[in-house]
Amino acid sequence: MKLGIDIGGTYLRYEIREDNHSIKKGSFKSTEIGLCAFVEKMLTQEEDITAVFISYAGQVRKGVILDSPHIKIDRHNIRDYIQHRYDVELFIENDLNCAVLAEAKAHDSQDICALYVGTGLGLGVLSGSRLIKGSRNIATELGHIPYKEAPFVCNCGKRNCIELFCSGNALLRWKQYYDLSTESTLQEFAQSKNDKAQQIYDEFLKALLYAAGTTITLFNPEILILGGGVLAENTHLLAIVEKKITAYALPLAAKNLQISLSQLEDAPLEGAFLLKDYHD
């Protein structure tokens, strides 16, 4: 059996599969238990698990968790720790790298980018069928490119990350900053007559377009997939991005580009199960 885990800043989702058939799945808040502790718990309960595949919302390299802006780390060297104590293989990769593997398979594309807006803002890039990783597997951390100053600090320690304007966490923090209802949705802000609510929406949209335009210009994908919980709840943004993207991206790079919303239920989890073919 195989255990797949998708852990982000808000939820931990897992699924156990046998011969590609799902036999058990679940989810809960990722603050309830540490990742390593959860893996050990599952391996103790399900003794037939032979491999663990993890999609992780943070920076990882060669089985070691380097950092995460949104997740408390209970063990950095998780691969060595688990493999030395249990008779299993463990594969772990950044969640957007996992997501783009799943999107590439779904769209049969070798040049594809996955731009996801959930708790944070992330990007995965497959170019010429190869994941873009960088020297320490920190490449394509789009959420932390310099954008402009915010009145609060990003979880990475900076004040000018684009993620401070375009992410679920950013929306919450801006609502709190302007003393607006945290239950209000982005769509409600788009239609609101409240100046601060409209400003939050406008800043979110500009940052999304800037992030998408930067992605297209730098990586020249065949397909750009927009995903993540925030975009899944605001599907109207696709048409806006399609209409305005040429003002933010190099026109030649945007020519004949296909922009789509993700149709996968959990692309990071699906991509995690593909990691054996892409392990470092």
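The following paragraphs examine the structure supplied in this document. (Residues numbered from 1 in each chain as written. Predicted model: local features only at pLDDT ≥ 70, side-chain atom pairs only at ≥ 80, totals over all residues. Heavy atoms only, no water.)

Remark: helix α1 (residues 35-45) packs on helix α2 (residues 78-85), axes separated minimally by 11 Å, with the N-to-C direction vectors making an angle of 20 degrees. Taken together, the axes of α1 and α2 are roughly parallel relative to one another. In the crossing of α1 with α2, the sense of the turn from one axis to the other is right-handed. Of the residues in α2, those in contact with Leu 35, Cys 36, Val 39, Glu 40 and Leu 43 of α1 are Ile 78, Tyr 81 and Ile 82. A breakdown of the residues in the contact of α1 with α2 according to their chemical character gives seven nonpolar, no polar and one charged. (Axes fitted to C-alpha atoms, helices over the stretch in contact; angles between N-to-C directions. Helix = DSSP H or I, 4+ residues; strand = E, 2+ residues; numbered from the N terminus. Parallel < 35°, antiparallel > 145°, perpendicular 65-115°, else oblique. Left-handed = near helix turned anticlockwise from the far one by under 90°. Contact = heavy atoms within 4.5 Å. Nonpolar A, V, L, I, M, F, W, Y, C, P; charged D, E, K, R; others polar.)

Further remarks concern the pairing of strand β6 (residues 64-67). Pairing of strand β5 (residues 59-61) with β6 involves three bridges; the strand directions are antiparallel. Bridge pairing in β6 links Gln 59 to Asp 67. Where β5 folds back on β6, the antiparallel hairpin that results is connected by two residues, among which Lys 62 adopts a positive phi of roughly 50 degrees. (Pairing = 2+ DSSP bridges.)

A few words now on the pattern of salt bridges. Summed over the entire model, instances satisfying the criterion amount to six salt bridges. As a salt-bridge pair, Glu 46 and Lys 24 come within 3.4 Å of each other at their nearest N and O atoms. On the criterion of sequence distance, the pair formed by Glu 46 in the loop between α1 and β4 (51-56) and Lys 24 in strand β3 (residues 21-29) is long-range, its members being 22 residues apart. Three or more residues are tied together by salt bridges with common partners; here these are Glu 15, Arg 17 and Glu 270. (Salt bridge = Lys/Arg side-chain N within 4 Å of Asp/Glu carboxyl O.)

Moving on to the sheet that holds strand β7 (residues 89-94). The five strands lie next to each other as β3-β2-β1-β4-β7, forming an open sheet whose pairing is mixed. Each having just a single partner strand, β3 and β7 make up the two edges of the open sheet. On average, each strand axis in the sheet is tilted by 15 degrees relative to the strand beside it, whichever way the strands run. Contacts from α2 reach β4 and β7 within the one sheet, and its direction differs from that of β7 by about 165 degrees.

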